[in-house]
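Here is how the chains run, residue by residue.
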Amino acid sequence: MNGTNVAGAREAAGEREVAGAREAAESRPVVREHESAASEPDAGRVRFFRALLGRVPLPLRGLRARLVAAFVLVAVVSALSTGALAFREARTGVLQQSQDSVIQQFRKSVDSVAPYTPAKPNQNDLQTAANHVLYDNPSQGWRVLATYGELRAWAPDAEFKGLSPELRRTVATTSATVFQRVDVDGHPWLVVGTPVTYGDSDGTRSGLSGMAMYLMVSQNTEDGYVQAMVSGIERATVVALALAVVLALLAASGVLRPVRALRGATRRMAEGHLDVRLAVNGSDELAELSQSFNDTAAALERSVAELRRMEGRARRFAADVSHELRTPLTAMAALTDVLDENALHHDRETGDALRLISEGTTRLSGLVEDLMEISRFDAGAITLNLDEVDLAESVRRTLASRGWQDRVETRLPGPGVLRTRVDPRRLDVVVANLVGNALRHGAPPVRLAVSVRREPAGTAWAVIEVTDGGPGIAEEALPYVFERFYKAGASRARSESSGLGLAITAENVHLHGGRISAANRPQSGAAFTVELPLHRESPVPGRDAPAGVR
C-alpha cells in the first residue's frame, strides 16, 4: 500500500463513522417492541385498579391525601425526568468520548501500518499488521483482528468473540469506520471495524482493498462511571421525594386550613349561629371564598332577622287579637245562650237570625281559642303534664264525652294492656280532632284502632289510626293537610272548621316526640295515623295487643 491508500482511508472514515456509530448505538428493536406491547390497553388491569381504588378508605380519598399524592407525583416525575435526562447526557458524553478516543487511536494505528502492508497480503503480512497495531497501544487492553479474504490474524490471541455478522457485512461493503457496543460474558465491549482502502494519486477515486482491521476493547471502566452516575441519581431522587412529601404536607396544611375553617363555620351556621364569620387573609382564591362566605352569612343573618321580626309581629298580633277578642266573645256567648233559650218565643225570621248569630259566635269563639293555642305553640309556652295512662281507656273517655260511641267503630286493646306516658288533655285533643274531622268530612264507617308497632332497632310505638269511608283527600292536598288554615276543598271554605284543628293536632303529636301522617286508603276514604313512642317505664307487649270491635 502507498500513502494514497492511507489518505483514502482517512477521507472515507469521516462522516460515515459518526453515522455508523449513531445507527449502531441507537438500534434497540427489542426494546421498541416491548414498549409497543406495554402501551396496548389492558381492560383487566384497568378494572383491577378501579376495584383497588374502591377499597381505599374514605380518609385517604380526602383533599389532603390528594394534594400530597399530587405533590409527590409531580416530584417523582420531575426527579425521574431530570435524572433520566442527566443520565442520558452524561452516559452519552462518557461513551462518546471513550469511543471517539479509541476510534481515533485505532485509525491512527491502521494508517501507520497500511503503507507497509502489501496490496495482497498473506498470513504473515496480516499477523504483522495486527501485531503492529497492538504494540502501538500496549496499555489499552486491545484485541486486534486483521482479515483479508479467508485469511485471519489475531493479536494477542484468537479470542475475538464480539464480532457480529452485521458489523462484518457493513465493513465489507462500505468505506466507513463503524463500531458497535456488545455484551460478552456479562461485560461491555466496544467493537470497531474499518476497511483499508486505496485511491489514485490525485485522491479522486478510492476503492476497497479487501483487507479490514477490527478492534475489540473492554468498556468496564466506562460502565463503572455509568453505574456511579445511576447511584448518584437514585440518591438524589430519594432526597427529592422526601423534600416533596414535606413540602406537600406543608402546602396541604396551608391550603386546608381555610377549608377546615370554612367547614367549621358552615356547621356552626347550620346549628343556627348566623353571626359566625371567617378571617380573611391575603387576596387569593381562598381569601375570596372566605369573603364570599362572610357576605353570604351577613345577608342571611339580615334576612333571617327580618323574617323573625316579621314572624314575631305576626305572632304577637294574633295573640293580642285573640286575647282582646276573648273577653267580648265570652259575653257574646253568654248572651247567645240566653237568646237561644228565648228563640221559641219569637217569630220564625227572628228565630233564624238568632240561631245564625249563635252559630257565628260559637265558631268565632272556637277560632279565637285555636288562635290562642297556636300562639302558645309558637311562643314555646306549652308544657306537657305527663302521666302514665291506659291509651284504650283514654280513647273511650274521649268518645264518650262527645257522644260518639255509637258513631265510631273501635278496635282497642284490653284494659291495662297498653300504657304509656302522655299528657291526657292533649291526647284527648288529638283523638277528638281526628275523629271529629272524619265524622264531619268523611263518611261511615268511621273506625278508630289502637295497636303497637315495633321496629328492628328495638323502638316501640303506640299507633292510633282513624279511618273513614268517604271520598278521601285529593292527592294534591295531602302534603298540606297539617298546615294552618288549609282546607282541602273549596266547598269547605265556609264550613264551621277553622282550618287549625289538624295543625294543632300535629303540634301536640310532635310535642310528645311522635309522628303523624295522612293518606288515602286503597278502597276508599282517608286514614290518619298517629305514632307515639312507648317509654321504657311503660310495659311493651310482645305482640300487638288483641283488639276487638267495641
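Peer 1: Go over the overall build of the protein with me, naming the residues and quoting the values.
Peer 2: For the protein, the count of helices and strands is 13 helices and 13 strands. Within the protein, the proportion of its 550 residues that are buried is 34%. Here the contacts in the protein between residues at least 6 apart in sequence split such that 67% fall between residues at least 24 apart. Roughly 32600 Å² of accessible area belongs to the protein as shown, and the carbon and sulfur atoms make up 56% of that amount.

Peer 1: Mind laying out the packing of aromatic side chains, listing which residues take part and the relevant values?
Peer 2: All chains considered together, the criterion is met by two aromatic pairs. Between the aromatic rings of F482 and F528, the centroid separation amounts to 6.1 Å while the plane-to-plane angle is 90°, which identifies the pairing as edge-to-face. Of this pair, F482 sits in the loop between β10 (460–467) and α13 (501–511) while F528 sits in strand β12 (residues 526–533); the two residues are 46 residues apart in sequence, bridging distant segments of the chain. For R515, the ring lying beneath its charged end belongs to W461, and the centroid distance is 4.0 Å.

Peer 1: Lay out unusual backbone geometry in plain terms, naming residues and giving numbers.
Peer 2: Residue P156 is reached from A155 by a cis peptide bond, and omega for that bond is 5°. Tracing the backbone through its elements, the reader meets P156 in the loop between β2 (151–155) and α7 (165–173). Here the amide bond leading from P444 into P445 is cis, since omega sits at 0°, within 30 degrees of zero. With respect to the helices and strands, P445 occurs in the loop between α12 (424–441) and β9 (446–454).

Peer 1: Could you give an account of the side chain of N294, with specific residues and numbers?
Peer 2: Note that N294 resides in helix α9 (residues 285–341). Those residues in contact with N294, other than ones at most four positions away along the chain, are R277, L278 and V280.

Peer 1: Could you give me a rundown of the nonpolar core, with the residues and numbers involved?
Peer 2: Formed by 40 residues in total, the largest nonpolar core has its most connected members in V408, L434, V435, L448 and V530. Within the residue set of this core, elements represented by two or more residues are α11 (391–401), β7 (408–413), α12, β9, β10, α13, β11 (515–520) and β12. Broken down by element, the residue count for this core peaks at eight residues, all from α12. Ignoring any residue separated from it by four or fewer positions in sequence, one finds L434 in contact with V466, L502, T505, I516, F528 and V530. Core analysis: the second largest hydrophobic core is formed by 24 residues, V102, V110, L134 and A155 among them.

Peer 1: Residues and numbers for the environment of T296, please.
Peer 2: Turning to its location among the elements, T296 is positioned in helix α9. Using a relative accessible area of 52% as the deciding quantity, one classes T296 as exposed. Residues T296 and R277, spaced 19 residues apart in sequence, show a C-alpha to C-alpha distance of 9.9 Å.

Peer 1: Can you explain the pattern of salt bridges? Please cite residues and give values.
Peer 2: Opposite charge on two side chains makes pairing possible when the charged atoms of those side chains draw close. Taken as a whole and assessed by the stated rule, the structure comprises twelve salt bridges. One salt bridge in this structure joins R419 and E388, with 3.9 Å as the shortest N-O distance. Of this pair, R419 sits in strand β8 (residues 419–422) while E388 sits in strand β6 (residues 387–390), and the two are 31 residues apart along the sequence. Look at R419 and you get partly exposed, because its relative accessible area is 28%. Using a relative accessible area of 27% as the deciding quantity, one classes E388 as partly exposed. For R453, the salt bridge identified is with E455, shortest N-O distance 3.5 Å. Each of R453, E455, R515 and E531 takes part in salt bridges that share partners, so that together they form one network.

Peer 1: How would you summarise the packing of α11 against α12 if you had to cite specific residues and measurements?
Peer 2: For any two helices packed against each other, one specifies the crossing angle of their axes together with the interaxial distance. Remark: α11 packs on α12, axes separated minimally by 10 Å, with the N-to-C direction vectors making an angle of 55°. Considered as vectors, α11 and α12 are oriented oblique to each other. As for how α11 packs across α12, the hand of that crossing is right-handed. Taking contact as the criterion, the partners of L391, S394, V395, T398 and L399 in α11 are, on α12, L427, D428, V431, A432 and V435. For the contact of α11 with α12, the per-class residue count stands at seven nonpolar, two polar and one charged.

Peer 1: I'd like a description of helix α8 (residues 220–270), backed by residues and values.
Peer 2: Between its first and last C-alpha atoms α8 spans 72 Å; for 51 residues at 1.5 Å apiece the expected length is 75 Å, and the two agree. The largest bend along α8 reaches roughly 35° and is located at L256, with the proline P258 sitting one to four residues downstream. All buried positions along α8 are accounted for by E222, V226, T237, A244, A248, A252, L256, L262, A265 and M269. Taken from the residues just after α8, G272 is the one with a positive phi, measuring 110°.

Peer 1: Mind laying out a nonpolar patch on the surface, listing which residues take part and the relevant values?
Peer 2: Judged by side-chain polarity, V246, L247 and L250 come together as a nonpolar surface patch covering roughly 300 Å² of accessible area. Structurally, the position occupied by L250 is in helix α8.

So, how was this worked out
Residues numbered from 1 in each chain as written. Predicted model: local features only at pLDDT ≥ 70, side-chain atom pairs only at ≥ 80, totals over all residues. Heavy atoms only, no water. Helix = DSSP H or I, 4+ residues; strand = E, 2+ residues; numbered from the N terminus. Buried < 20%, exposed > 50% of the residue type's maximum accessible area, 1.4 Å probe, protein only. Contact = heavy atoms within 4.5 Å. Areas by Shrake-Rupley, 256 points an atom, 1.4 Å probe, with all protein chains shown as cover. Phe/Tyr/Trp six-rings, centres within 6.5 Å; stacked < 30°, edge-to-face > 60°. Lys NZ or Arg CZ within 6 Å of the ring centre and 35° of its normal. Core = buried A, V, L, I, M, F, W, Y, C linked by side-chain atoms within 4.5 Å. Salt bridge = Lys/Arg side-chain N within 4 Å of Asp/Glu carboxyl O. Axes fitted to C-alpha atoms, helices over the stretch in contact; angles between N-to-C directions. Parallel < 35°, antiparallel > 145°, perpendicular 65-115°, else oblique. Left-handed = near helix turned anticlockwise from the far one by under 90°. Nonpolar A, V, L, I, M, F, W, Y, C, P; charged D, E, K, R; others polar. Expected span 1.5 Å × (residues − 1). Bend = angle between axes of the 7 residues up to and from the residue. Patch = residues over 30% accessible without salt bridge, like charges linked within 9 Å, V, L, I, M, F, W, Y side chains within 5 Å.

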